[in-house]
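What follows is the residue order along each chain.
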Amino acid sequence: RKEVEQDPGPFNVPEGATVAFNCTYSNSASQSFFWYRQDCRKEPKLLMSVYSSGNEDGRFTAQLNRASQYISLLIRDSKLSDSATYLCVVNDYGGSQGNLIFGKGTKLSVKP
Amino acid sequence: EAGVTQSPTHLIKTRGQQATLRCSPISGHTSVYWYQQALGLGLQFLLWYDEGEERNRGNFPPRFSGRQFPNYSSELNVNALELEDSALYLCARDPWTGGSGGTEAFFGQGTRLTVV
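Residues numbered from 1 in each chain as written. Chains lettered and ligands numbered in written order. Predicted model: local features only at pLDDT ≥ 70, side-chain atom pairs only at ≥ 80, totals over all residues. Heavy atoms only, no water.

A. Focus on the overall build of chain B. Across its full length, chain B holds 0 helices and 11 strands. The N-to-C order of helical and strand elements in chain B reads β-β-β-β-β-β-β-β-β-β-β. The C-alpha radius of gyration of chain B comes to 13 Å, within 12% of the 13 Å expected for a compact globule of 116 residues. In terms of its C-alpha atoms, chain B occupies a principal-axis envelope of roughly 40 × 25 × 25 Å. Of all intrachain contacts in chain B linking residues separated by at least 6 positions in sequence, the fraction that spans at least 24 positions is 53%. (Helix = DSSP H or I, 4+ residues; strand = E, 2+ residues; numbered from the N terminus. Rg over C-alpha atoms; globule rule 2.2 N^0.38 Å. Contact = heavy atoms within 4.5 Å.)

This is the structure we're talking about:
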């Protein structure tokens, strides 16, 4: 069974902290990788795509290691508003193409 | 913003009843994806419709079914409701027209189904 696994947390960090989330995936044929953010009782929203070369968007940095089938998300200078659940997502390429596979999410709580 | 409208936002049904959930992507988008997010289980892929046809199906029993209409809106039907069907049901679209799936998706606000 193709899966995406994440540490469920919760990660409780103070404002200004740096926090890192990790994710592993089992389908080596996956070609698209994403981090989504989901606020409590809301729909998931795309945070950023993840590229092989790594990519950065402000305080957020995503990394992909295809050899280890590992994805990471680094958040620097955490804000209270970063509190949410972060979902690691890969496409189910080669098996049942047409859908995304979601991890169960890692919950982040940023405290004052 | 997401370009996906779902209705109703909340739905309460009794065990054994049928539920019908609706989704409309913005104009020009022909693909609709349905996901179930039950407590503690994460998002589970249910169904993918494109151009009026079912393209793929997740690991759900046949009592989960749906259809897509000529205007590309979609219905998800859940028959013989069970308590464990209580979940947030999310509908998503591709970011561009003619999408083939497997790329990022934009979600509607979801329908929260409660089975009592």
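Now that the structure has been shown, the text picks up again.
B. Expanded view of the interface of chain A and chain B. Contacts between the two partners involve 19 residues from chain A and, on the opposite side, 23 residues from chain B. Carbon and sulfur atoms supply 51% of the area that chain A and chain B bury against each other, a total of about 1,800 Å² over both sides. The interface formed by chain A and chain B contains 0 salt bridges. Counting every contact that joins chain A to chain B gives 3 residue pairs in polar contact (both at pLDDT 80 or more). Sorting the residues of the side of chain A that touches chain B by element identifies β4 (33-38), β9 (84-91) and β10 (100-102) of chain A as the ones contributing at least two each. (Buried area = accessible area lost by both parts, 1.4 Å probe. Salt bridge = Lys/Arg side-chain N within 4 Å of Asp/Glu carboxyl O. Polar contact = N/O pair within 3.5 Å; in protein donor to acceptor, adjacent residues only side chain to side chain.)

C. Seen up close, the pairing of strand β5 (residues 45-49) of chain A. Residue and element names in this part refer to chain A. The sheet contact formed by β4 and β5 spans 4 bridges and is antiparallel. Residue pairing for β5: tryptophan 35 is matched across the bridge by methionine 48. The antiparallel pairing of β4 with β5 creates a hairpin that spans 6 residues between the two strands, and arginine 41 there sits at a positive phi of about 65°. (Pairing = 2+ DSSP bridges.)

D. Broad picture of the pairing of strand β1 (residues 4-7) of chain B. Residue and element names in this part refer to chain B. Side-chain alternation along β1 places Val4 and Gln6 on a buried face and Thr5 and Ser7 on a face that remains uncovered. The pairing of β1 with strand β3 (residues 19-25) spans 4 bridges and is antiparallel. When the bridges of β3 are listed, serine 7 appears paired with arginine 22. (Buried < 20%, exposed > 50% of the residue type's maximum accessible area, 1.4 Å probe, protein only.)

E. The arrangement of the nonpolar core in detail. Membership of the largest hydrophobic core comes to 24 residues, with the highest contact counts inside it found for A:Phe21, A:Trp35, A:Ile71, A:Leu73, A:Ile75, A:Tyr86 and A:Leu108. Of all hydrophobic cores here, the second largest spans 21 residues; its members include B:Cys23, B:Val32, B:Phe60 and B:Leu76. (Core = buried A, V, L, I, M, F, W, Y, C linked by side-chain atoms within 4.5 Å.)

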